Number of protein chains: 2
Amino acid sequence: MDPNPIGFQKHDHSHCVADAVAEADRTCQKAGLQLTPVRKRALEILLEEHRALGAYDVLARLAEDGFGSQPPVAYRALDFLTKNGFAHKIERLNAFIACAHPGDIHTPAFLICTTCDAVAEAETDPSHSLLNQIADTTGFRISRAVLEAEGTCPNCLANDQAKDPK
Amino acid sequence: MDPNPIGFQKHDHSHCVADAVAEADRTCQKAGLQLTPVRKRALEILLEEHRALGAYDVLARLAEDGFGSQPPVAYRALDFLTKNGFAHKIERLNAFIACAHPGDIHTPAFLICTTCDAVAEAETDPSHSLLNQIADTTGFRISRAVLEAEGTCPNCLANDQAKDPK
DNA sequence: GCCCGTCACGTAATAACATAACACACCAAA
DNA sequence: TTTGGTGTGTTATGTTATTACGTGACGGGC
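Worth saying up front: this structure is predicted, and the values here are computed from it rather than measured. (Residues numbered from 1 in each chain as written. Chains lettered and ligands numbered in written order. Predicted model: local features only at pLDDT ≥ 70, side-chain atom pairs only at ≥ 80, totals over all residues.)

A. The arrangement of the relation of the copies chain B and chain A in detail. Of the transformation superimposing chain B on chain A, the axial component is 0.1 Å and the angular component is 179°, with the fit at an RMSD of 0.2 Å. As the rotation angle and translation indicate, the two copies are arranged about a two-fold axis. Distance from the rotation axis, computed per C-alpha, reaches its smallest value in chain B at Leu 147 of chain B: 2.5 Å. An overlap of 100% is found between the interface residues of chain B and their copies at the interface of chain A, pointing to a shared contact surface. (Least-squares fit on C-alpha atoms with pLDDT ≥ 70 in both. Contact = placed C-beta atoms within 7 Å.)

This is the structure we're talking about:
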């Protein structure tokens, strides 16, 4: 049950939190956005966990660190992060995850493993996405898309077969 | 603000509720499923409204009709309907809608109009869906997919232009 | 007939997720 | 110095969902 959600690959992320925060810092400076202490800490929390966290999980960690302890504190920080592309909300889980490809404008797709709870973010090619085709033919104008798949990740599939090799 | 969610087309659905319920009845009989009074009534409610309803909206209507008034009553009925393909949950809205194409095995895609709250269910071709491509290349096995787009439906686009023709 | 399993339904209680509304601090522009 | 905007904090409340437990209905095996 060890989630290793970066595309389901194991990796050592000793540096990647700091790197990602530093990049977010630069991005915000360029864009005139304020990456305040709460917001920065919230981003760090998501990056450290490297999985989908509920708003109340984030809130608890923020409170431990001396920030406010009431829901709006977490929701506001998460709003900022999601609006500006540093994090995403997984609708299926009512949970949030740090963006794996910040900076790019993208419509992310998520693969959610129901066995180990890992979540992988995949890039999509918006131009021939299914939803866009549908939208084109119906005259619907898309402002935001949710693409989420639930299932079993390669690691858990392998484990299942090892245990129960039929 | 009049949602007309069947593919955003206007239509007269005086008969379609009864027809859909009758079909669900047949399907359940064949499959050995029990379309009990609560479940049938819940389906009727979704069909009558012809839009996405929250579980508590459904619950209130069920209670009016003499069924239980506690949340599990609605959630269990909605579970049955969604598990067996008579309804879908719209994750983005935390709401439920009657299936527009019952009987088919399908991965539905939804177009959610943020102006009039209409929701259209579109058929998808699962074989060359984006998510399947991603799943194939990563070795992920999908059990359920969520495809939802938020935006503006053709009707509301037309209205906007009429009011504000730039 | 009786026992027992399963399934559906009902209720109470609570958990989990999310927002409204208001007060205060800070800072920059007028 | 005042004013307006933005960000943070709080209280209170609203909304969505689940857990836990009890009861009745039905069917199969003895």
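On we go.
B. The interface of chain B and chain A, seen in detail. Between chain B and chain A, the residue contacts involve 31 residues of the former and 31 residues of the latter. Tallying contributions element by element places strand β5 (residues 141–152) of chain B first for the side of chain B that touches chain A, with 12 residues. With 11 bridges joining them, strand β5 (residues 141–152) of chain A and β5 of chain B adopt antiparallel strand pairing. Residue Glu 148 of chain A lies in a different strand from β5 of chain B, and its bridge partner there is Val 146 of chain B. (Helix = DSSP H or I, 4+ residues; strand = E, 2+ residues; numbered from the N terminus. Pairing = 2+ DSSP bridges.)

C. Representation of the sheet that holds strand β3 (residues 109–113) of chain A in the model. Strands sit in the order β4(A)-β3(A)-β5(A)-β5(B)-β3(B)-β4(B) across an open sheet of 6 strands; the sheet is mixed. Looking along the sheet, the strands with just one partner apiece sit at the ends: β4 (119–122) of chain A together with β4 (119–122) of chain B. For this sheet, the mean inter-axis angle between neighbouring strands, taken without regard to orientation, is 20°. Sheet topology note: the strand β3 (residues 109–113) of chain B/β5 of chain B ladder contains 5 bridges and is parallel. Pairing of Leu 111 of chain B across the sheet is with Ala 149 of chain B, part of β5 of chain B. Sitting on the sheet, helix α5 (residues 130–138) of chain A touches β5 of chain A together with β3, β4 and β5 of chain B, and the angle it makes with β3 of chain B is about 55°. (Axes fitted to C-alpha atoms, helices over the stretch in contact; angles between N-to-C directions.)

D. Here's a closer look at the protein's contact with DNA strand D. Around DNA strand D there are 20 residues in total, and Thr 36, Gly 68 and Gln 70 of chain A together with Pro 71 and Asn 94 of chain B lie nearest to it. Of all elements in the fold, only α2 (37–49) and α4 (71–83) of chain A together with α3 (55–64) and α4 (71–83) of chain B reach the threshold of two or more residues within the surface near DNA strand D. The element contributing the most residues to the surface near DNA strand D is α4 of chain A, with 4 residues. Of the residues in the surface near DNA strand D, the class split is 11 nonpolar, 7 polar and 2 charged. (Near = placed C-beta within 6 Å. Nonpolar A, V, L, I, M, F, W, Y, C, P; charged D, E, K, R; others polar.)

E. Up close: the protein's contact with DNA strand C. Near DNA strand C lie 20 residues; those nearest to it are Gly 54 and Pro 71 of chain A together with Thr 36, Gly 68 and Gln 70 of chain B. Contributions of two or more residues to the surface near DNA strand C are made by α3 (55–64) and α4 of chain A together with α2 (37–49) and α4 of chain B. It is α4 of chain B that provides the largest number of residues to the surface near DNA strand C, a total of 4 residues. Class assignment of the residues belonging to the surface near DNA strand C gives a composition of 11 nonpolar, 7 polar and 2 charged.

F. Layout of α3 of chain B. Residues and elements named next belong to chain B. If you check which residues of α3 are buried, you get Ala 55, Val 58, Leu 59 and Leu 62. What you see down the axis of α3 is that its buried residues fit within an arc of 100°, all on one side. α3 presents Tyr 56 and Glu 64 as exposed residues on the side facing more than 90 degrees away from its buried surface. The inward-facing, buried residues of α3 contact α2, α4 and β2 (95–98). At the C-terminal side of α3, Gly 66 shows a positive phi close to 95°. (Buried ≥ 20, exposed ≤ 12 C-beta atoms within 10 Å, placed from the backbone. Arc of directions from axis to C-beta.)

G. Fine view of the environment of Arg 39 of chain B. Residues and elements named next belong to chain B. In this structure, Arg 39 sits in helix α2. Owing to 21 C-beta atoms within 10 Å, Arg 39 belongs among the buried residues under this scheme. With 20 residues separating them along the chain, Arg 39 and Asp 19 place their C-alpha atoms 16 Å apart. Setting aside chain neighbours within four positions, we find Arg 39 in contact with Ala 77, Phe 80 and Leu 81.

H. Inspection of the pairing of β3 of chain A at higher detail. Residue and element names in this part refer to chain A. With 5 of 5 residues buried, β3 lies mostly within the body of the structure. Of the two faces of β3, the one holding Ala 109, Leu 111 and Cys 113 and the one holding Phe 110 and Ile 112 are both buried throughout. As defined by bridge partners, β3 adjoins β4 across 4 bridges and the pair is classed as antiparallel. Considered in β4, the bridge of Ala 109 is made with Ala 122.

I. Here's a closer look at the pairing of β4 of chain A. Along β4 of chain A, one buried face is formed by Val 119 and Glu 121 of chain A and the opposite face, lined by Ala 120 and Ala 122 of chain A, is buried too. Between β3 of chain A and β4 of chain A, which pair antiparallel one after the other, the connecting turn spans 5 residues, and Asp 117 of chain A there sits at a positive phi close to 70°.

J. A look at the environment of Asn 132 of chain B. When you line up the elements, Asn 132 of chain B lands in helix α5 (residues 130–138). Counting along the chain gives 13 residues from Asn 132 of chain B to Ala 145 of chain B, while the straight-line C-alpha distance between them is 9.5 Å.

K. Summary view of the packing of α2 of chain A against α3 of chain A. All names here are of chain A. Two numbers describe how α2 lies on α3: the axes approach to 10 Å, and their chain directions differ by 120°. The pairing of α2 with α3 is recorded here as oblique in orientation. As α2 packs across α3, the resulting crossing turns out to be right-handed. Packed against α2, whose contacting residues are Val 38, Arg 41, Ala 42 and Ile 45, the element α3 presents Val 58, Arg 61 and Leu 62 at the interface. Of the residues assigned to the contact of α2 with α3, the class counts are 5 nonpolar, no polar and 2 charged. (Parallel < 35°, antiparallel > 145°, perpendicular 65-115°, else oblique. Left-handed = near helix turned anticlockwise from the far one by under 90°.)

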